[in-house]
Amino acid sequence: MSTYLDKQKPHHLEIFAVLRDIILDTAIGFEERHDKYLPVFHYLEACCFLSRDSKGVYIAFVKGKYMLTQEAFSPPDTKVIRKIHFKKVEDIDVPLLQSLIHEAVEINKLRNKK
C-alpha cells in the first residue's frame, strides 16, 4: 500500500522533508505517526500535521486557535486548526516556525496538566 507521501510530486516532497526536519529538530519528545496516511506529530497528544491542498504544502497546528501568533496563519477554514502554507522551500520562515512549534508544545503541556 502506498503512503500519502509516495503520491506527492518531487517539489512537494522537498517541502514535506524540510518541514518534518524542522518539527523533529525543534522540540525533543515529538513522536511521528501516520494517521490516515498523513504525517502527524504528537507531543502528549496530536500537536501538528503536514498535508497539501490547492494552496500548497502546509503545516497545521491542531490547537492553532489557542496560539498567540494568529497573523502567521492562512485565513482559518476550520474552528480550531490553523495552517501555514508553503509553495516552495524558500518560503519557510524557520525561526517563526520554531516559535510556533514551541508554543504548540506548551499548549499541549498545559492542556495535559488539567
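Description of the structure in this document.

Sheet architecture is open: five strands sit in the order β1-β2-β3-β4-β5, paired in antiparallel fashion. Edge positions in the sheet fall to β1 (31–35) and β5 (82–86), since each has one partner strand and no second. Sheet twist, expressed as the average angle between the axes of neighbouring strands with direction ignored, equals 25°. Two strands pair when backbone bridges link them, and strand β3 (residues 45–53) and strand β4 (residues 56–61) are joined in this way by six bridges, in the antiparallel orientation. Looking at the pairing, Phe-49 lines up with Ala-60 of β4. Most of the contacts of helix α1 (residues 10–26) go to β3, to which it runs at about 165°, and overall it touches β1, β2 (38–43), β3, β4 and β5. The strands that helix α2 (residues 94–113) touches are β2, β3, β4 and β5; relative to β3, the one it contacts most, it runs at about 140°.

On to the environment of Gln-70. Mapped onto the secondary structure, Gln-70 falls in the loop between β4 and β5. The exposure class assigned to Gln-70 is partly exposed, which follows from its relative accessible area of 30%. Among all residues touching Gln-70, those that are not within four sequence positions of it are Gly-64, Lys-65 and Arg-82.

The next point concerns the pairing of β3. Two strands pair when backbone bridges link them, and β2 and β3 are joined in this way by four bridges, in the antiparallel orientation. Of the residues in β3, the one forming a bridge with Val-40 is Phe-49. Hairpin geometry of β2 and β3 is characterised by an intervening segment of one residue between the two adjacent antiparallel strands and by a positive phi of about 70° at Leu-44.

One finds Phe-30, Ile-59 and Phe-61 to be the most contacted residues of the largest nonpolar core, which totals 33 residues. Among the elements of the structure, α1, β2, β3, β4, β5 and α2 are those that each provide at least two residues to this core. Broken down by element, this core gets its largest block of residues, six residues, from α2. If sequence neighbours within four positions are ignored, Ile-59 has contacts with Ile-23, Cys-48, Phe-49, Leu-50, Arg-82, Lys-83, Ile-84, Phe-86 and Leu-97.

Bringing α1 into the picture now. For α1, which comprises 17 residues, the first-to-last C-alpha distance of 24 Å matches the rise-based estimate of 24 Å (1.5 Å per residue) to within 8%. Of the positions making up α1, those classed as buried are His-12, Ile-15, Phe-16, Leu-19, Ile-22, Ile-23 and Thr-26. Take α1 and look down its axis: the buried residues cluster within an arc of 130°, on one side only. With respect to the buried face of α1, the exposed residues turned more than 90 degrees away are Pro-10 and Asp-25. Here the buried face of α1 lies against β2, β3, β4, β5 and α2.

The rules behind the values
Residues numbered from 1 in each chain as written. Predicted model: local features only at pLDDT ≥ 70, side-chain atom pairs only at ≥ 80, totals over all residues. Heavy atoms only, no water. Pairing = 2+ DSSP bridges. Helix = DSSP H or I, 4+ residues; strand = E, 2+ residues; numbered from the N terminus. Axes fitted to C-alpha atoms, helices over the stretch in contact; angles between N-to-C directions. Contact = heavy atoms within 4.5 Å. Buried < 20%, exposed > 50% of the residue type's maximum accessible area, 1.4 Å probe, protein only. Core = buried A, V, L, I, M, F, W, Y, C linked by side-chain atoms within 4.5 Å. Expected span 1.5 Å × (residues − 1). Arc of directions from axis to C-beta.

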